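# Coordinate analysis (summary)
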Amino acid sequence: MNFQEKLNAFSTIVRKETVRILRIWIQTLIPPGITISLYFLIFGKLVGSQIGDVGGHTYIQFIVPGLVMMSVILNAYNNVVSSFFGAKFGKNIEELLVSPTPAYLIVLGYSIGGVVRGVLVGFIVTLVSLFFTELRLYDAGIVIVTVALSALMFSMGGFLNALYAKKFDDVTIIPTFILTPLTYLGGVFYSIKMLPEGWQIVSRFNPILYMVNAFRYGFLGVSDIDPLEAIGLLVVGTILLYSVSVFLLSRGYGTRT
């Protein structure tokens with residue numbers, strides 16, 4: 001394939017994924033906004049009013065960036081794993097695999113689709129948060145880089161999950177038993193400085209902690225982790241997951257149910 005043909009193939013995959021997201025927007029975009037609204041109401045307003053300030057900000061201001069990031073990574077992940085596994089289950093992925101489209105473009109195309117959904121949901125959740133608290137932007141560059149890399153990294157994680165999934169139950173195992181616990185223990189609702197020293201060390205092995213804190217720094221200017229260290233981790237993780245996904249797909253692993 002020449003460059004133009006590759007560009008057409010890539011743009012077609014991205015367009016297909018984007019149209020799918022927008023066509024069923026009631027399922028893909030609205031539920032996260034409603035769910036996070038409950039978090040803002042219960043944890044931010046009701047519980048937060050009893051906690052006081054955290055890091056020089058009200059509790060609801062402190063948790064908003066974490067909740068936005070949580071919605072971004074979970075929706076980016078879920079979009080790719082459901083879309084690619086659905087294509088496997090429906091047997092229409094074979095049409096794409098027998099085409100001359102390179103594996104690296106297929107992985108990237110599906111991943112960008114996940115990024116689109118993650119960013120759209122993150123934007124909606126951010127707008128919803130404005131009904132509950134005032135939100136300022138401390139460093140726009142950090143916010144943009146962190147949300148883009150986090151969504152891309154978890155999109156590729158979702159692609160790997162879809163490759164190995166043999167049935168629909170396999171699609172939900174990792175989000176339920178790995179992603180959700182890591183998210184809740186990733187500093188979304190608290191600063192790790194509140195934890196005993198031993199648990200602070202353990203928390204640093206949680207990759208979501210770095211994403212949440214870098215994103216929080218972009219909004220509030222406070223973080224338990226060096227933002228540049230967090231971005232470096234995101235870059236390495238994204239490259240690693242992308243390389244593994246391309247390697248497996250190019251050899252046909254996990255392309256049949």
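Residues numbered from 1 in each chain as written. Predicted model: local features only at pLDDT ≥ 70, side-chain atom pairs only at ≥ 80, totals over all residues. Heavy atoms only, no water.

Naming follows an unreviewed UniProt entry, where the chain appears as Transport permease protein of Leptospira saintgironsiae. Reading the Sequence similarities (unreviewed entry) entry of the UniProt record for the chain gives the comment "Belongs to the ABC-2 integral membrane protein family." (UniProt positions renumbered as here; feature names shortened; annotations may be inferred.)

## Concerning the packing of aromatic side chains
Taken as a whole and assessed by the stated rule, the structure comprises eleven aromatic pairs. Relative to Tyr-110, the ring of Phe-84 lies with its centre 5.2 Å away and its plane at 85 degrees, an arrangement referred to as edge-to-face. Highlighted residues: Phe-84 in helix α4 (residues 59–89) and Tyr-110 in helix α6 (residues 103–129), separated in sequence by 26 residues. Exposure class is identical for Phe-84 and Tyr-110. Each is buried. Plain terms: the ring middles of Phe-84 and Phe-159 are 4.5 Å apart, the flat faces sit at 45 degrees to each other, and that makes the pair tilted. (Phe/Tyr/Trp six-rings, centres within 6.5 Å; stacked < 30°, edge-to-face > 60°. Helix = DSSP H or I, 4+ residues; strand = E, 2+ residues; numbered from the N terminus. Buried < 20%, exposed > 50% of the residue type's maximum accessible area, 1.4 Å probe, protein only.)

## A word on helix α1 (residues 3–23)
Because an α-helix packs 3.6 residues into every turn, residues spaced three or four apart end up facing the same way. With 21 residues, α1 should reach 30 Å at 1.5 Å per residue; the first-to-last C-alpha distance of 30 Å fits that figure. Considered for burial, the residues of α1 that qualify are Ala-9, Ile-13, Val-14, Glu-17, Thr-18, Arg-20 and Ile-21. End-on, the buried residues of α1 take up no more than an arc of 160 degrees, which puts them together on one face. Where the residues of α1 are buried, they touch α2 (25–28), α4, α5 (93–97) and α6. You can read the cap of α1 off the contacts: a side-chain oxygen lies 3.2 Å from the backbone nitrogen of Gln-4, and it is on Asn-2. (Expected span 1.5 Å × (residues − 1). Arc of directions from axis to C-beta. Contact = heavy atoms within 4.5 Å. Polar contact = N/O pair within 3.5 Å; in protein donor to acceptor, adjacent residues only side chain to side chain.)

## Comments concerning the UniProt feature "transmembrane region" (unreviewed entry) in the chain
Those residues carrying the UniProt feature "transmembrane region" (unreviewed entry) are residues 21–42, 62–81, 102–128, 140–164, 171–192 and 230–249 in this numbering. Secondary structure within residues 140–164 divides into 100% helix and 0% strand; the distance between the first and last C-alpha atoms comes to 37 Å. Strand forms 0% of residues 230–249 and helix 100%; the C-alpha atoms that close the span are 28 Å apart.

## Notes on the pattern of salt bridges
By the definition in use, this model includes three salt bridges. Linking Glu-134 and Arg-136 is a salt bridge whose minimum nitrogen-to-oxygen distance equals 3.1 Å. With a relative accessible area of 48%, Glu-134 lands in the partly exposed category. Across the salt bridge formed by Lys-167 and Asp-170, the nearest N and O atoms sit 3.4 Å from each other. (Salt bridge = Lys/Arg side-chain N within 4 Å of Asp/Glu carboxyl O.)

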